[in-house]
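# Summary of the model geometry
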Amino acid sequence: MTARKSGSRLETEIERCRSEGQWDKIPELVRQLSAKLISNDDLGELLLAEAKLQQYLKENPIKQGASPRGPRPRLQEVRKHLTAALDRGNLKPEYMQEASLIMAKLCYVEGDYREALNQYSRVNLDEMQLVGAPVYRLSMIAEAYATKGLCLEKVPMASPSLSNRNADRDQEIITCYEKSGDIALLYLQEVEKALSVGIQNRSPKPGPVTQEQELGYFLETGLQRAHVIHFKNGNLTRGVGRFREILRAVETRTTQNLRMTIARQLAEILLRGMCEQSYWNPLEDPPHHSPLDDPLRHTPHTKDYALSRRPRIYSGENLFCPQENTEEALLLLLISESMANRDAVLSRIPEHNNDRIISLQSASLVYDLLTIALGRRGQYEMLSECLERAMKFAFEEFHLWFQLALSLMAAGKSARAVKVLKECIRLKPDDPTIPLLAVKLCIGNLHWLEEGERFAKIVIDMGEKAAEFRAKGCLAIGLVYSLRATDASLRGMQEEYQKKALSAFQRAQSLSPTDHLAVFYLALQLAVSRQIPEALGYVRQALQLQGDDVHSLHLLALLLSAQKHYHDALNIIEMALSEYPENFILLFTKVKLETLCRGPEEALLSCKRMLQIWKSCYNLTNPSDSGRGSSLLDRAVADRRQLNAMTLPDFSDPETGNLPDAFFLGFDSFIGVCSLHATSIAASRVEQALSEVASSLQSSAPKQGPLHPWMTLAQIWLHAAEVYIGMGKAAEATACTQEAANLFPMSHNVLFMKGQVAELRGNVDEAKRWYEEALSISPTHVKTMQRLGLILHQLQRYSLAEKILRDAVQVNSTAHDVWNSLGEVLQAQGNDTAATECFLTALELEASCPILPFTIIPRAL
């Protein structure tokens, strides 16, 4: 009785060690078992053979795509133990099956694939029971199916010309691998369940941590080989289905890395190999005929086998199920990203180098695919947040830093993008494209011109290292100098920066004669300096290099208008609009030219068409706007009154002001602003602060949406107001100005237009007040300074008027109307000589004055 209990205890311990893969303990347990139960000698032979084979494979792992050839001394010992157990025939039937499975596995390891298949034919794997089988036996069966599949792939067909037999053979191989994978998942789930029960039953005393179960070559092959063959055979549908089956199985710690790999691979297939029309969601049966599959190698999409016991899968109510391919891919990648972050190896000590490199590579693949998935949806904000989480991997890793910088650029987070690009420059100091990207941001919305100059000089200082990018570096620093000339408040500084800009553009052109941008910006800078004939020559040269460049066409039209060829300029604009019908800067110029050439009624029709284009371009009636503000535009474009009066909203309608007041910023950050100079950074900060205060007073205004569309809409209303002022229609001009004010109440442009309307009504004091408010926000707005100077002249406050106009001349020395107004003030003070000089200067400048300032053309890299 004592011996039987002892034997039972030993058998249980042996079974546990076999299930958990603790092969080093088996010999000692076999020795104890043989001493207690003499009748189990053959079982001891079986256990020793299995333990030695597993130990050999652990120390000499099989590599993918290759197997050992010929016997090894240690494998001879395994064969000796197995032969002894099989020849005596004393084993129970289930142990005889196990011995045959181990022998088949040994034959595969030795490279004798036909003998391995003979062993499997004796066992009949399909009849081995899964229900009630010990955990270790599930592993043996799973490995047996995988090994059989490998052997079938290795052994050639007797008659390879028979295509039907080949198809059956392929199906048999796939079935082996799929069965192996299913049983392997079941085995790993059972092992984890047994381990968790064991841990719960142990005493709370601290003990050794349970070693994580290793997957092993054969189990891993069973889990991964089936879908590889599906894809190789052109059967993408079954391959995707197999991926989903594995991912739906309840997760175990052993399969976490495998699941992350499969999730990433499936996401890549969904993104690159499947369109929305061929997608089916994971809970549906796959289509019988799919465009994903090779039509010449059609195979059924349903399983042709059943298992008596299958791995557990995730189930429950209200589970999320993706409905299209990008959605499923994104879900898989976010799960993979979470796992990659959780299992990240961050240690920098030498022993962990390989693990850290593998961890980094795995995470980088996930983030690259996330970039594709989120980029397709335009979700750059979310992408930048994901990449920020990747920064734990990113020490000295250029790729991740650069991806983060690009995502921040796309998300509109320019300031942070510049900081990240600085780190990219440190990591890759010889790459000229990185500082060029930084320049692009600095001279854009950020208007960090000093920073932009430093980045441009980095490229120039590279010399020959920058190769073809040297011209771009010169172009970049030329743009910086051009913008600094526009911002300069002193004429001397303006002239100095203009000379530097011209020199840089000429250098860029000499380095890259075929680059139309270098020639175009040279023409633009000459135009800003009022060298009109020279500018015309260069802009025509730019159009020869790039005939459809919108900015070159626009500059040509403005240069023609500077020569008073307004009809020719309008023809150029209309030709450009035929190619770029939604370019609002061209449309604004068209309104100005139409006012002169065809009359204000035609210009108003263009304003109305701009409103229609604005609505079709931005489509801001999406759910994020909750429909608020859209009715205003609908009324504005509805033809309920005469076209030449243009439909205006009813200001008693409570929806009139329901447009995003969260964006009450200045228009000078917008490319198409009609002021001669960019507002200083300080002025724009004041304007922003005041607009935020104003917006906080309107609780009904929505606070979401992009800024640029609303600035464009406000510009349309201001242009319409200007046309109405020219027609002498104060009421309509007031209505249009109010629409712009609803969007940006504290913009100096809006306040200036209110002053214009007040002047039209003859209310000089009110106009003066609006102009003073506009200047308090933007002290360098030349048009406001000129109009305020004239009003002070009317009020006979000549000294103050002269001071304001002289300041305006310092800000913009090419504004002919300012020189003319200054002449009037000087003449009223009796200073006829100075007044005459001002009038002559005004006449000279007016002769080369374009319909709109040349600076409305964007200067960007």
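Every value quoted in this text rests on a predicted model; they were computed, and no experiment measured them. (Residues numbered from 1 in each chain as written. Predicted model: local features only at pLDDT ≥ 70, side-chain atom pairs only at ≥ 80, totals over all residues. Heavy atoms only, no water.)

### Observations regarding the overall build of the protein chain
When you go through the protein chain residue by residue, the secondary structure sums to 36 helices and zero strands. Every one of the 861 residues in the protein chain was classed for burial, and the buried ones make up 53%. Across the protein chain, every contact between residues at least 6 apart in sequence was considered, and the portion connecting residues at least 24 apart equals 68%. Accessible surface for the protein chain amounts to roughly 39,400 Å². Of this, 52% is attributable to carbon and sulfur atoms. (Helix = DSSP H or I, 4+ residues; strand = E, 2+ residues; numbered from the N terminus. Buried < 20%, exposed > 50% of the residue type's maximum accessible area, 1.4 Å probe, protein only. Contact = heavy atoms within 4.5 Å. Areas by Shrake-Rupley, 256 points an atom, 1.4 Å probe, with all protein chains shown as cover.)

### A word on the packing of helix α13 (residues 353–377) against helix α15 (residues 398–410)
Each pair of packed helices can be summarised by the angle the axes make with each other and by the distance between the axes. Put simply, α13 and α15 touch, their axes get as near as 11 Å, and they point 20 degrees apart. Judged by the inter-axis angle, α13 sits roughly parallel to α15. In this structure, the crossing between α13 and α15 has a hand that is left-handed. For the pair formed by α13 and α15, the contact residues are Leu 360, Ser 364, Tyr 367, Asp 368 and Thr 371 on the first element and His 399, Leu 400 and Gln 403 on the second. For the contact of α13 with α15, a count of residues per class yields three nonpolar, four polar and one charged. (Axes fitted to C-alpha atoms, helices over the stretch in contact; angles between N-to-C directions. Parallel < 35°, antiparallel > 145°, perpendicular 65-115°, else oblique. Left-handed = near helix turned anticlockwise from the far one by under 90°. Nonpolar A, V, L, I, M, F, W, Y, C, P; charged D, E, K, R; others polar.)

### Observations regarding the side chain of Arg 264
One can find Arg 264 in helix α11 (residues 256–272). Residues contacting Arg 264, with those up to four places away along its chain left out, are Ser 336, Ser 362, Leu 365, Val 366 and Leu 369.

### Some words on the pattern of salt bridges
Tallied over the entire structure, the rule returns 46 salt bridges. A salt bridge links Arg 74 to Glu 59; the shortest N-O distance between them is 2.6 Å. Note that Arg 74 is positioned in helix α4 (residues 73–88) and Glu 59 in helix α3 (residues 41–59), a separation of 15 residues in sequence. Look at Glu 59 and you get partly exposed, because its relative accessible area is 49%. With its nearest N and O atoms 2.8 Å apart, the salt bridge here joins Glu 574 to Arg 598. Of this pair, Glu 574 sits in helix α24 (residues 566–579) while Arg 598 sits in the loop between α25 (584–597) and α26 (600–618), placing them 24 residues apart in sequence. Ionic contacts of the salt-bridge type, sharing partners, join the residues Arg 18, Glu 50, Glu 98 and Arg 137 into one network. (Salt bridge = Lys/Arg side-chain N within 4 Å of Asp/Glu carboxyl O.)

### What about helix α19 (residues 470–487)?
Helix length check: α19 (18 residues) gives 26 Å between terminal C-alpha atoms against 26 Å at 1.5 Å per residue, within 8%. Taken across its 18 residues, α19 has 15 buried, putting it largely inside the fold. (Expected span 1.5 Å × (residues − 1).)

### Brief notes about the packing of aromatic side chains
Counted under the stated rule, the structure contains 11 aromatic pairs. Ring centres of Phe 505 and Tyr 521 lie 5.9 Å apart, and the angle between their planes is 20 degrees; on these two criteria the pair is classed as stacked. Linking Phe 505 in helix α20 (residues 491–511) with Tyr 521 in helix α21 (residues 516–528), this pair joins segments that are 16 residues apart in sequence. Exposure remark for Tyr 521: the relative accessible area of 4% places this residue in the buried category. Judged by centre distance (5.4 Å) and plane angle (55 degrees), the rings of Trp 614 and Trp 710 are tilted. Here the residue Trp 614 occupies a position in helix α26, and Trp 710 occupies one in helix α29 (residues 707–727), the gap between them amounting to 96 residues. Trp 710 carries the same exposure label as Trp 614, and that label is buried. Each residue in the set Tyr 108, Tyr 113, Tyr 217 and Phe 218 is aromatic and connected to the rest through ring pairs, giving one cluster. (Phe/Tyr/Trp six-rings, centres within 6.5 Å; stacked < 30°, edge-to-face > 60°.)

### As for helix α36 (residues 832–846)
Compared with the 21 Å implied by 1.5 Å per residue over 15 residues, the 20 Å span of α36 between its first and last C-alpha is a close match. Among the residues making up α36, those that are buried are Ala 834, Ala 835, Cys 838, Ala 842 and Leu 845. The buried residues of α36 all sit within an arc of 100 degrees when viewed along its axis, so they share a single face. Exposed and facing more than 90 degrees away from the buried side of α36 are Thr 833, Glu 837, Leu 840, Leu 843 and Glu 844. Looking at the packing, one finds that the buried side of α36 touches α35 (816–828). (Arc of directions from axis to C-beta.)

### Quick word on the nonpolar core
Counting 231 residues, the largest nonpolar core has Leu 82, Tyr 367, Leu 555, Leu 559 and Phe 854 as the members making the most contacts within it. Contact partners of Tyr 367, with chain neighbours within four places excluded, come to Glu 337, Asn 341, Cys 386, Leu 387, Arg 389, Ala 390, Phe 393 and Leu 400. Judged by nonpolar contacts, the second largest core, of 31 residues, contains Phe 752, Ile 804, Val 818 and Ala 835. (Core = buried A, V, L, I, M, F, W, Y, C linked by side-chain atoms within 4.5 Å.)

### Let's talk about the environment of Ala 340
Note that Ala 340 resides in helix α12 (residues 325–342). In this structure the C-alpha to C-alpha distance between Ala 340 and Ser 362, which are 22 residues apart in sequence, comes to 7.2 Å. Excluding its chain neighbours within four sequence positions, the residues that come into contact with Ala 340 are Met 260, Ala 363 and Phe 393.

### Observations regarding the packing of helix α22 (residues 532–545) against helix α23 (residues 550–562)
The contact between α22 and α23 brings their axes to 10 Å, and the two run at 155 degrees. With respect to α23, the axis of α22 lies roughly antiparallel. Two packed elements cross with a definite hand, and for α22 against α23 that hand is left-handed. Of the residues in α23, those in contact with Ile 532, Ala 535, Leu 536, Val 539, Ala 542 and Leu 543 of α22 are Ser 552, Leu 553, Leu 555, Leu 556, Leu 559 and Ala 562. Here the residues of the contact of α22 with α23 sort into 11 nonpolar, one polar and no charged.

### Thoughts on the side chain of Arg 259
Among the structural elements, Arg 259 can be located in helix α11. Notably, Arg 259 is buried but unbridged: the nearest opposite-charge side chain belongs to Glu 251, and the N-O separation is 4.3 Å. There is a polar contact of 2.8 Å between the side chain of Arg 259 and the backbone oxygen of Leu 247. Aside from chain neighbours lying at most four places away, what touches Arg 259 is Ile 246, Leu 247, Ala 249, Glu 251 and Tyr 314. (Lys, Arg positive; Asp, Glu negative; His and termini not counted. Polar contact = N/O pair within 3.5 Å; in protein donor to acceptor, adjacent residues only side chain to side chain.)

### Comments concerning unusual backbone geometry
Residues other than glycine predominantly adopt negative phi, and peptide bonds predominantly adopt the trans conformation. Even without a glycine there, the phi angle at Glu 396 is positive, about 65 degrees. Take Glu 396: its relative accessible area is 39%, and that puts it in the partly exposed class. We note that His 447 has phi near 60 degrees; this positive angle belongs to a residue other than glycine. Topologically, His 447 is positioned in the loop between α17 (433–442) and α18 (449–461). You can call His 447 buried: its relative accessible area is 17%.

### Looking at the environment of Leu 536
You can see Leu 536 is positioned in helix α22. The sequence separation of Leu 536 and Leu 526 amounts to 10 residues, and the corresponding C-alpha distance is 9.0 Å. When residues no more than four places from it in sequence are discounted, the contact partners of Leu 536 are Leu 556, Leu 559 and Gln 563.

### Digging into the environment of His 516
Topologically, His 516 is positioned in helix α21. Here the alpha-carbon distance between His 516 and Ser 552, two residues 36 residues apart in the chain, equals 9.0 Å. Residues in contact with His 516, not counting those within four places in the same chain, are Ala 542, Leu 545, Gln 546 and Asp 549.

### Structural notes on a nonpolar patch on the surface
Together, Phe 320, Leu 331 and Ile 335 make up an exposed nonpolar region whose accessible area comes to about 280 Å². Topologically, Phe 320 is positioned in the loop between α11 and α12. The class for Phe 320 is exposed, based on a relative accessible area of 54%. (Patch = residues over 30% accessible without salt bridge, like charges linked within 9 Å, V, L, I, M, F, W, Y side chains within 5 Å.)

### What about the confidence of the model for the protein chain?
Of the residues in the protein chain, 83% have a pLDDT of 70 or more, and the chain-wide mean is 80. Mean pLDDT per element in the protein chain: helix α27 (residues 630–637) is the minimum at 37, and α23 is the maximum at 94. Taken as a whole, residues 202–210 scores under 50 in pLDDT and shows three contacts with residues more than four places along the chain or in a different chain. (pLDDT = per-residue confidence, 0-100.)

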